[in-house]
Amino acid sequence: MSDKRPACYAPWITTYEYPQKIVPCCEWNGKSGRYIGTEEHMSLDDRFNHPTMKDIKEEMMSGVLPPECKNCVKMEENTSQVSLRQQYNEIVKQAEKSTDYEWNVDEFKLINMDYRESNLCNFSCMMCGYPLSSVHAQIAGKYGKTGIKKNPHNLQMYLDRLDEVRLIQCLGGEPLLTESMWTTIKEVKRRGLEGQINLSIVTNGSLLHRHDDELLELIEGFKDVMIAVSIDCVSVQHDYWRSSNSWETVKTNVDKIYKWSEGGESNKVFCTRTAIGWPNAYAARYVFDMFKDWDMQRRWNLITGPIGLSLPMLPQEELEKLAEHWKDYPDVSEMFANTVSSPDIFQMQLQRKQIENLEKLRDIKFKDAFPEMAHIYNKLNN
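**Observations regarding the overall build of the protein**
- Of the regular secondary structure elements, the protein holds 17 helices and 11 strands.
- Here the protein has a C-alpha radius of gyration of 21 Å; the compact-globule value for 382 residues is 21 Å, and the two agree.
- In terms of its C-alpha atoms, the protein occupies a principal-axis envelope of roughly 60 × 45 × 45 Å.
- Relative to its 382 residues, the protein shows a buried fraction of 54%.
- Nonlocal contacts in the protein, meaning residues at least 24 apart in sequence, comprise 75% of its contacts between residues at least 6 apart.
- Surface exposure of the protein reaches about 17,600 Å², of which carbon and sulfur atoms provide 47%.
- Averaged over its 46 positive side-chain charges, the protein has a centre that lies 3 Å from the centre of its 56 negative ones.

**A word on empty space enclosed by the protein**
- Applying the stated criterion to the full structure yields four cavities of 30 Å³ or more.
- Reported here for the largest cavity is a volume of approximately 140 Å³.
- Taken together, 15 residues line the largest cavity, and the ones lying closest to its centre are Glu17, Pro19, Arg116, Ser118 and Pro131.
- Considering only enclosed or pocket space, the second largest cavity measures out at about 120 Å³ in volume.

**A few points about the side chain of Ser118**
- Assignment of secondary structure puts Ser118 in the loop between strand 4 (112-113) and helix 6 (134-140).
- A polar atom in the side chain of Ser118 sits 3.1 Å from the backbone nitrogen of Leu120.
- Contact partners of Ser118, with chain neighbours within four places excluded, come to Ile148, Lys149, Lys150, Asn151, Gly173 and Thr178.

**Re the packing of aromatic side chains**
- Inspection of every chain in the model, using the stated rule, returns 21 aromatic pairs.
- Measuring from ring centre to ring centre gives 5.8 Å for Tyr130 and Tyr143, while their planes differ by 70 degrees; the resulting arrangement is edge-to-face. Residue Tyr130 is found in the loop between strand 4 and helix 6, and its partner Tyr143 is found in the loop between helix 6 and helix 7 (156-159); the two are separated by 13 residues along the sequence.
- Here Tyr143 falls in the partly exposed class, since its relative accessible area comes to 28%.
- Centroid distance Phe291 to Trp294: 4.8 Å. Interplanar angle 85 degrees. Geometry classified as edge-to-face.
- Residue Phe291 is classed as buried on the basis of its relative accessible area of 4%.
- Residue Trp294 is classed as partly exposed on the basis of its relative accessible area, which comes to 22%.
- One residue, Lys21, lies across the ring of Tyr18, its end atom 5.0 Å from the ring centre.
- We note Lys21 situated over the ring of Tyr35; from NZ or CZ to the ring centre the distance is 4.8 Å.

**Thoughts on the pattern of salt bridges**
- Tallying each qualifying case throughout the model produces 24 salt bridges.
- For Lys268, the salt bridge is made with Glu220, and the minimal N-O distance between the two is 3.0 Å. Taken together, the positions of Lys268 in strand 10 (residues 268-276) and Glu220 in the loop between helix 9 (215-218) and strand 9 (225-230) put the pair 48 residues apart, joining distant regions of the chain.
- Residue classification places Lys268 among the buried residues on the basis of a relative accessible area of 11%.
- Across the salt bridge formed by Lys367 and Asp368, the nearest N and O atoms sit 3.6 Å from each other.

**Remarks on unusual backbone geometry**
- Cis geometry is found at the peptide bond from Gly172 to Gly173, where omega equals 10 degrees.
- Considering the arrangement of structural elements, one finds Gly173 in the loop between strand 5 (167-170) and helix 8 (179-190).
- Between Gly305 and the following residue, Pro306, the backbone shows a cis peptide bond with an omega angle of 5 degrees.
- Checked against the element boundaries, Pro306 lands in the loop between strand 11 (297-302) and helix 13 (316-325).

**A look at the sheet that holds strand 6 (residues 198-203)**
- Strand order in the open sheet formed by six strands is 4-5-6-9-10-11, with parallel pairing between adjacent strands. The open sheet has two free edges, formed respectively by strand 4 and strand 11, since each of these has just one partner strand.
- Looking at chain direction, strand 10 and strand 11 are connected through six bridges and run parallel. Looking at the pairing, Ala275 lines up with Asn301 of strand 11.

**Quick word on the pairing of strand 5**
- Neither face of strand 5 is left uncovered, since the one carrying Leu167 and Gln169 and the one carrying Ile168 and Cys170 both have all their residues buried.
- Here strand 4 runs beside strand 5; their pairing, made up of two bridges, is parallel. Looking at strand 5, one finds that Met113 is bridged to Ile168.
- Relative to strand 6, strand 5 runs parallel, the two sharing four bridges. Note that in strand 6 the partner of Ile168 across the bridge is Leu199.

Criteria and thresholds
- Residues numbered from 1 in each chain as written.
- Predicted model: local features only at pLDDT ≥ 70, side-chain atom pairs only at ≥ 80, totals over all residues.
- Heavy atoms only, no water.
- Helix = DSSP H or I, 4+ residues; strand = E, 2+ residues; numbered from the N terminus.
- Rg over C-alpha atoms; globule rule 2.2 N^0.38 Å.
- Buried < 20%, exposed > 50% of the residue type's maximum accessible area, 1.4 Å probe, protein only.
- Contact = heavy atoms within 4.5 Å.
- Areas by Shrake-Rupley, 256 points an atom, 1.4 Å probe, with all protein chains shown as cover.
- Lys, Arg positive; Asp, Glu negative; His and termini not counted.
- Charge placed at Lys NZ, Arg CZ, Asp CG, Glu CD.
- 1 Å grid on protein atoms, 1.4 Å probe; cavity = no way out; pocket = protein on both sides within 12 Å on 5 of 7 lines; lining within 4 Å.
- Points joined across faces, edges and corners; volume = space filled by probe spheres on them.
- Polar contact = N/O pair within 3.5 Å; in protein donor to acceptor, adjacent residues only side chain to side chain.
- Phe/Tyr/Trp six-rings, centres within 6.5 Å; stacked < 30°, edge-to-face > 60°.
- Lys NZ or Arg CZ within 6 Å of the ring centre and 35° of its normal.
- Salt bridge = Lys/Arg side-chain N within 4 Å of Asp/Glu carboxyl O.
- Pairing = 2+ DSSP bridges.

Below is the structure:
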């Protein structure tokens, strides 16, 4: 077996399913790129050996990231952020170091489990859309009355390979609303595998239980656990940006998660994830301020899609003001300073129409939620 390693391990250790296609991971930009098109159940080995995936693997083995990997490339250009590719590299490194796993170019092992049951979600975040939110789907008239699009691929094929798994990632939609997340965690514990598996949960923070199951009790015993709560703004700005009248519930649950993470065990981690686009570019700083004295992890990323919400839509003088606004957080300030203005008014106007549709579910208007960006928003009337 060759000692040569790929530019990214994703095709060998994980997989990501949209309702109508399969790609190597959730960061893969498959809109115009390569993917396996199917709405039928497909096994993990069949997709690993599919001609499209073989082509992707060959390119990975050349040592060059394919063009569809531009999200990771962009993140790696900002040294303060960790890309998914870098995370996969670390997963393989740790698995080879502490287990009997050995990477093989001709073999798929489900080291990273990322199964997403559906787009079921109770939020309608401004930067999201119907593939990841059933509320958005209902607004857009997609997927019937419920707006729910279920994954055609069976959870059981993942559960059958839990012995291989070293990291389970629970994302959505909102994972705490789905049966599959709770089923997977319970099956891991039933089989006594939790001591060898890390668990990562990304949630909107709106709930910590389902039926009689309490999340913070159920996840005890896993090797390492991270609960990341997506918070892009606070208070009334959060209610506008994500879901009306949700902030107080999220803040209460965040306090509970933080108390849990302080339980004296180093394997429990609380993390905030903040997505920054031009509408919340000022407001996002107050998330950082709120948690600056907490012993926790803080992660942030830029909104790149929809493009009408991205930072390059702003004029250069606004980007300079934002660099000053964020001066207490040098990594973010530097990002604003390095962003080049390239507004696309058409895309911004399209996004304004989307915002106006979502405002029907809100108790407040954009100009009142984000007054510092009202002058930008108001110019998009036509």
